[in-house]
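These are the residues of each chain, in order.
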Amino acid sequence: GQQRKRRGWGAWANLLQKHRYVFFCLSATCFVIFLGVSIPNARLGASLPSIFPDDHNQNRVSAIFDEFKSSSSTFPSGFEEPKRTANVCQGFNFSHSPDCDLLFCEARAVEHATAKGECRCMRRAHDSGCAQTAPVTSEMLLIGVEAVSLEHMETMATFASKTNLAANVSSWQANTPEDLPMILLQEWESGMVEFHHLKKVSLTGSRKDATPKTFCGWQEVCLCSGALRCVTSDSWHAVAEPLKLDVADDSQRRLLDPGDGGGMPCDTVAARFTKLQKQRVKVRVVFGLEPKTETSLLGGDDGEETWAFLELFDLRQPWAQRNLYSFCRCMPQSLRVTTKWCWILDFRAFVVEQKQLPFPVHSSLFHDMAMQAINEDTTSATSGQRYLWVLGSKVRGMYGSFDCDVDKNSGSEKILEFKTEWNKYVKKYNDGAWVSAKGAFHVSTSWVTAEAQGVLISSAVSTVAVLLSLSYVGMLLITRSCALSMFVVLATLYVIVGLVFYITTVTNSALGLIEVIALIYFIGYALDYSLHIAHKYGSLKKADDKQPLREGGRHAATSMRLRRTKFALKSMGGATLSAAATTAGASLFLSFCTLTIFRRLGSMCLAVTVLSIFAALGPLPVGFLCFGPKNPGLCCKVTPRVDHDVSRDSSEARARE
């Protein structure tokens, strides 16, 4: 029986020898096909594998729940019934008081920007009486003018004479300009602030006989620079004709611009690339929390120990409210936001529309208003505390959720490019936000999946490269032959490519976590059988081979390769085939398990076992017969050729064969 097996392996070696180039070309062709088909069919899957089969109740229930829309999208927010130390003087101070260090007025943005060299004016009649013989006066406040020249005063006198109120006034004369404290203009909701110089110019005119006794003159406020205009009472009315003064513009004193999406088109966009909400990338932006990146070496961390509240985050501050409102109100269209759930937007609507209070809320009222909004506002999309972190009766943090018109199943490269847009927007916000509103960061499962795919494939490639290098070194130590070590590495690579072909093409699976782990783990199977065959190929000794060599250099090399290959197959062919059959038999049962993780591992183990034994008994011996070393030895030193007994005649040798 033993002799029969050895003759069988010898016949197999003779067959490979006879058709060695055909077998080599077929093996190389299979390798190219495996590699060429696997690359375009490869799909990465970074999610954790489901342990249940596709038709299991667990997966069917999840699929049914995915058909239901979230309550926030079914009932959107629109689904509701219509409903340091200084003495600061409020308003305009025409009579300069030495106690005023700064003038302040609440402002709003002008509809049309003031042209250079023009002043837009508001006018009202004097509200105090005057003597019948007193001259008519026109008091003019110039906002945004640093210096007033004689030419400017002549222009203002001409401007005063053209008004209808001055029909019965003659001889207008401008008095010396007066410097007033600088004025601060602020639009409360956006926080836009401008700081301007303020000049006062008084003009006097002589009365005519027809001038009414009650007419004493008027007051004017002229905006010569900037984009804000003080909010005035109903007694003021706009002057149609602008005052043209060639003065230097001090608009560089603007302190802060409102958030407008960076000057880019902003607001939500219509869904073009995704039809279903569950297809879209969902991004959540967190405010007021600080994630902890350090984890304990032993034991798991409690969920609450992975983050902490930011100590400086304080939504009571009006600027913090403005920053968050600006972040959510107008988002660049490059972010492809189709739907947004942002508590600060609904909180502003609650305060302005239901409580009739200005937004942002004063710091002393914020927490009270926030709790009222949580308890009373039940119709908005962000009602309750779902989007807030409330400690006691104080809001310590919040997050906004944004649906984006980007398919979450897009390639990792596209997803990471989209993530870059969010990185830019959040970084710009943190750079410009008030200190009590900084620290925002964004998260998304799509980011994790895309990054995991890149890390997964790069780590798999690097790990396979390291393992192949280690297998080469290990084989070199065992066989003491660089050539044989390279043959084993190539056979191992052949099996790996075949396994990738099986995963991506035969089973049509993605290269996920389980597949990559299996690919790395099964390198041992891919290496084992080929290593034994190669080791026996290089360990042929005189006592093992009594056949004489044929004369002639080329025939001698061919004959030596054949004898070494026969010896390797006869010595280890049966053992490796039996080991492969044992492993394949064990993995075969795993292939029929109910749990998918065992089924996938079993099928991959079976595939790599079949590929490994095929490579060890097919392509590897063919490679030895075609290009194998005649006398394997050290990389830089060839061992002496085996001394064969040449006294036996060739007929005896052929009979032995």
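Report follows, based on the coordinates. Just so it is clear, the model here is predicted, and its values are computed rather than measured.

What counts as what
Residues numbered from 1 in each chain as written. Predicted model: local features only at pLDDT ≥ 70, side-chain atom pairs only at ≥ 80, totals over all residues. Heavy atoms only, no water. Phe/Tyr/Trp six-rings, centres within 6.5 Å; stacked < 30°, edge-to-face > 60°. Helix = DSSP H or I, 4+ residues; strand = E, 2+ residues; numbered from the N terminus. Buried < 20%, exposed > 50% of the residue type's maximum accessible area, 1.4 Å probe, protein only. Lys NZ or Arg CZ within 6 Å of the ring centre and 35° of its normal. Pairing = 2+ DSSP bridges. Polar contact = N/O pair within 3.5 Å; in protein donor to acceptor, adjacent residues only side chain to side chain. Disulfide = S-S within 2.5 Å. Axes fitted to C-alpha atoms, helices over the stretch in contact; angles between N-to-C directions. Left-handed = near helix turned anticlockwise from the far one by under 90°. Contact = heavy atoms within 4.5 Å. Nonpolar A, V, L, I, M, F, W, Y, C, P; charged D, E, K, R; others polar. Salt bridge = Lys/Arg side-chain N within 4 Å of Asp/Glu carboxyl O. Parallel < 35°, antiparallel > 145°, perpendicular 65-115°, else oblique.

1. Some points on the packing of aromatic side chains
Any two aromatic rings considered together are summarised by their centre-to-centre distance and by the angle between their planes. Under the counting rule described, the total for this entry stands at 23 aromatic pairs. Here the aromatic rings of Phe327 and Tyr425 are separated by 4.8 Å at their centres, their planes lie at 40°, and the arrangement is tilted. Residue Phe327 is found in helix α6 (residues 318–329), and its partner Tyr425 is found in helix α9 (residues 412–432); the two are separated by 98 residues along the sequence. Side by side, Phe327 and Tyr425 carry an identical accessibility label, which is buried. Of note, Arg322 hangs over the ring of Trp188, and the distance from its end group to the ring centre comes to 4.5 Å. Its end group placed over the ring of Trp319, Arg322 keeps NZ or CZ at 4.6 Å from the ring centre.

2. Here's the deal with the pairing of strand β14 (residues 280–287)
Counted residue by residue, β14 has six buried out of eight residues, so it is predominantly covered. Direction of pairing for β14 relative to strand β19 (residues 394–407): antiparallel, over a ladder of eight bridges. Note on β19: the bridge partner recorded for Val281 is Cys404. Judged from the three bridges that link them, β14 and strand β20 (residues 441–443) form a sheet pairing that is antiparallel. Directly across from Arg284, in β20, lies its bridge partner Val443.

3. A few points about the side chain of Ser591
By the element assignment, Ser591 lies in the loop between α14 (553–590) and α15 (596–617). In terms of polar contacts, Ser591 uses its side chain to reach the backbone amide nitrogen of Ser603, at 3.4 Å.

4. Overview of helix α16 (residues 619–627)
Counting buried residues along α16, eight of its nine residues qualify, which places the element largely inside the surrounding structure. Among all positions of α16, only Pro619, Leu620, Pro621, Val622, Gly623, Phe624, Leu625 and Cys626 are buried.

5. Considerations on the state of the cysteines
Here a disulfide denotes one covalent bond, and it connects the sulfur atoms of two cysteines. All chains considered together, the criterion is met by five disulfides. Across the disulfide from Cys119 sits Cys224; the S-S distance is 2.0 Å. Since a negative S-S torsion denotes a left-handed disulfide, the Cys119-Cys224 link at about 110° is right-handed. Linking Cys119 in strand β4 (residues 118–125) with Cys224 in the loop between β9 (217–223) and β10 (228–230), this pair joins segments that are 105 residues apart in sequence. By relative accessible area, which is 1% here, Cys119 ends up buried. Overall, Cys224 belongs to the buried group, its relative accessible area being 8%. Residue pairing for Cys121: its cysteine sulfur links by disulfide to Cys222, the two sulfurs lying 2.1 Å apart. The disulfide joining Cys121 to Cys222 has a torsion of about 105° about its S-S bond and is therefore right-handed. Taken as a pair, Cys121 in strand β4 and Cys222 in strand β9 lie far apart in primary sequence, 101 residues in all. For the pair Cys121 and Cys222, a shared accessibility class is recorded, and that class is buried.

6. What to know about the packing of helix α10 (residues 445–479) against helix α11 (residues 482–506)
Viewed as axis vectors pointing N to C, α10 and α11 meet at an angle of 145°, and their least axial separation amounts to 8 Å. Classified by chirality, the crossing of α11 by α10 is right-handed. Of the residues in α11, those touching α10 at Val464, Leu468, Ser471, Tyr472, Met475, Leu476 and Thr479 are Cys482, Leu484, Ser485, Met486, Val488, Val489, Thr492, Leu493 and Ile496. For the contact of α10 with α11, a count of residues per class yields 12 nonpolar, four polar and no charged.

7. Observations regarding the pattern of salt bridges
This model, assessed by the stated rule, comprises 11 salt bridges. A salt bridge links Lys200 to Glu139, with the shortest nitrogen-to-oxygen separation between them at 3.3 Å. Placement of Lys200 in strand β8 (residues 193–207) and of Glu139 in strand β5 (residues 136–143) is noted, with a sequence separation of 61 residues between them. Take Lys200: its relative accessible area is 8%, and that puts it in the buried class. The partner of Glu451 in a salt bridge is Lys419, with the nearest N and O atoms 2.2 Å apart. Taken together, the residues Glu451 in helix α10 and Lys419 in helix α9 connect sequence positions 32 residues apart. On the basis of relative accessibility, which here comes to 36%, the residue Glu451 falls in the partly exposed class.

8. Some thoughts on the pairing of β4
Relative to strand β12 (residues 243–244), β4 runs antiparallel, the two sharing two bridges. Bridging across to β12, Glu118 finds its partner in Lys244. Note that β4 and β9 share six bridges and pair antiparallel. Across the sheet, Arg120 pairs through a bridge with Leu223, a residue of β9.

9. Structural notes on the packing of α6 against helix α7 (residues 343–354)
The contact between α6 and α7 brings their axes to 8 Å, and the two run at 110°. Considering their axes alone, α6 and α7 lie roughly perpendicular with respect to each other. When you trace α6 past α7, the crossing you get is left-handed. Contact residues: α6 offers Gln321, Leu324, Tyr325, Cys328 and Arg329, while α7 offers Ile344, Leu345, Phe347 and Arg348. Its residues placed into classes, the contact of α6 with α7 shows six nonpolar, one polar and two charged.

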